Every structure is written in structure tokens, then in C-alpha cells.
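A look at the structure
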Amino acid sequence: METPNYFLSFLSKTEPDAVAVIKGNTMYPDINGIVKFYALPESGILIAAEISDLPDGRDEDTPTFFAFHIHEKGDCSGNFAGTGVHFNPDNVPHPEHAGDLPSLLSNDGYVWMVIYDSFLTLSMILNRSVVIHRNPDDFTTQPSGNAGEKIACGVITKSTGSLPARPYDDDNERED
Ligand SMILES: [Zn+2]
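Read on for a plain summary of the structure. Within each chain, residue numbers correspond to sequence positions counted from 1 in written order. Local features in this predicted model are restricted to residues of pLDDT 70 or higher, and side-chain atom pairs are both shown and tallied only at a pLDDT of 80 or more, whereas totals for entire chains, interfaces and linings draw on every residue.

What follows covers the overall build of the protein chain. When its secondary structure is counted, the protein chain shows two helices and nine strands. Neighbour counting defines burial: a residue surrounded by 20 or more other C-beta atoms within 10 Å of its own C-beta is buried, one with 12 or fewer is exposed, and intermediate counts give partly exposed, using backbone-placed C-beta atoms. A total of 176 residues make up the protein chain; the buried ones form 35% of that total. Throughout, a residue-residue contact means that the two C-beta atoms, derived from backbone geometry, are no farther apart than 7 Å. Pairs at least 24 residues apart make up 65% of the contacts formed inside the protein chain by residues separated by at least 6 positions. Helix and strand definitions here come from DSSP, where helices need a minimum of 4 consecutive H or I residues and strands a minimum of 2 consecutive E residues; each element is numbered from the N-terminal end.

See the structure below:
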């Protein structure tokens, strides 16, 4: 980690090491996006999330946070009940789970966020799931931060090199 540009050099690679294509549940079918995972050579990963069409918060002009976790099981069928609990290999309380991540900052439904996580490795997270919840994580309540409904999910898989286009289409192009 010699300079800040060290991390940028990974993000500018054309292909991440793993991806999770995010889709909303039946209540929020418009939510879509992709989470990219870049393994760092020594330890840790970069997690880059681009998500669109998240629901409004209290006011569309205020920031809205959505809890964001890696869950134990890679099953995003139905309304994501099969994702299990937060990935927690060390059997510790929330928010010390290895799968606990910062909540997503939604800007009028759109998120672009990168997280550096030195605790996770690619082999730990492959075939698990990324889950977005309806509420922010309070980082206190057991077992999962009082984060509410699971509104979107994606299974973490090895990247095949053919990524989807940017998650928002022409009808939903941001105007600013
Ligand atoms: Zn947790």
C-alpha cells in the first residue's frame, strides 16, 4: 500500500476476480447492479458496488443508507431466505462478523462505493451472497443490526470476463 494509487490500479483492471450480479426481490424488482471483488496480492480485497433503483428514503433529497453484508449461503432464490446469517467464521457478535460491511450510501437510488477490506479473501467469499437490506445497519442490535427486509441479493461467483453493462439503462440515465 505504497500510495493511494495502489488501490486505483486494481479498480482500473478490466476484469475483477469475482462478481455478484444484484437483483431486487419481488417487492423491489427494479433494483439492479453489480458488486465487483478485486483480490489484493498480499491480503484483503477491494469491494466495488454500483447499484441503481434503490427505494426512496424519508425524503428523496436526503442521503439514505442500506445495510450491506456478505451472507453465509449463496442462495438468492425467492425472497432470499436461503442466504442464511452473516458470514461469521469466527463465531463473534455483530458487527464483528467477517461479512459485516459499511452500509451503502444511496443518492436518489444510486450507489457507487468502494470498500477496502483486509479481513476477507476471495476463497472465503466465493459462492456466498451479497445482501442489501431495507434499513441501515445500526451496528449494535444482534444478530444482524436491525437491518430489516432483504431487498436485493447476488451470489458471489468467479468472474467470467463478460460483465453486464452499467446497471442503469437509458431510461434511467442520471441527469446531473
Ligand atoms: Zn453481522
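Still to come is the rest of the account.
Now for the sheet that holds strand S1 (residues 18-24). An order of S5-S8-S9-S1-S2-S3-S7 is seen for the seven strands of this open sheet, with the pairing classed as antiparallel. The open sheet has two edge strands with one neighbour each: strand S5 (68-71) and strand S7 (111-117). Geometrically, the sheet is characterised by an average inter-axis angle of 20 degrees between neighbouring strands, direction not taken into account. The pairing criterion for strands is at least two bridges between them, as found by DSSP. Judged from the four bridges that link them, S5 and strand S8 (residues 129-133) form a sheet pairing that is antiparallel. Residue pairing across strands places His71 opposite Ser129, the latter belonging to S8. Here an angle of 0 to 180 degrees is reported between the N-to-C directions of two axes, which are lines fitted to C-alpha atoms, with helices fitted over the stretch in contact.

A separate point is the environment of Pro143. Within the secondary structure, Pro143 is located in the loop between S8 and strand S9 (150-158). For Pro143, a count of 11 C-beta atoms within 10 Å translates into the label exposed. For Pro143, the residues in contact, after removing those within four places along its chain, are Val85 and His94.

Now for the pairing of S1. Here six bridges tie S1 to strand S2 (residues 32-39), and the two strands are oriented antiparallel to one another. In the sheet register, Ala20 faces S2, and the bridge partner there is Val35. Note: S1 against S9, five bridges, orientation antiparallel. Bridge pairing links Ala18 to Lys158 in S9.

Quick look at the environment of Gly57 now. Here Gly57 shows up in the loop between strand S3 (45-52) and strand S4 (64-66). By the C-beta count within 10 Å, which is 16 here, Gly57 ends up partly exposed. Expressed as a C-alpha distance, the spacing of Gly57 and Ser106, which sit 49 residues apart in the sequence, is 8.8 Å. Contact partners of Gly57, with chain neighbours within four places excluded, come to Thr62 and Thr64.

Leave glycine aside and you will find that most residues have negative phi; peptide bonds, for their part, are mostly trans. Between His94 and the following residue, Pro95, the backbone shows a cis peptide bond with an omega angle of 5 degrees. Tracing the backbone through its elements, the reader meets Pro95 in the loop between S5 and strand S6 (104-106). In the segment running from Gln142 into Pro143, the intervening peptide bond is cis, with an omega of 0 degrees. Residue Asp53 is not a glycine yet carries a positive backbone phi of 65 degrees. By the secondary structure assignment, Asp53 is in the loop between S3 and S4. Overall, the presence of 18 C-beta atoms within 10 Å leaves Asp53 in the partly exposed class. The backbone phi angle of Asn127 is positive, close to 70 degrees, even though this residue is not glycine. By the secondary structure assignment, Asn127 is in the loop between helix H2 (122-125) and S8.

Any link to function would need more than the numbers given here.
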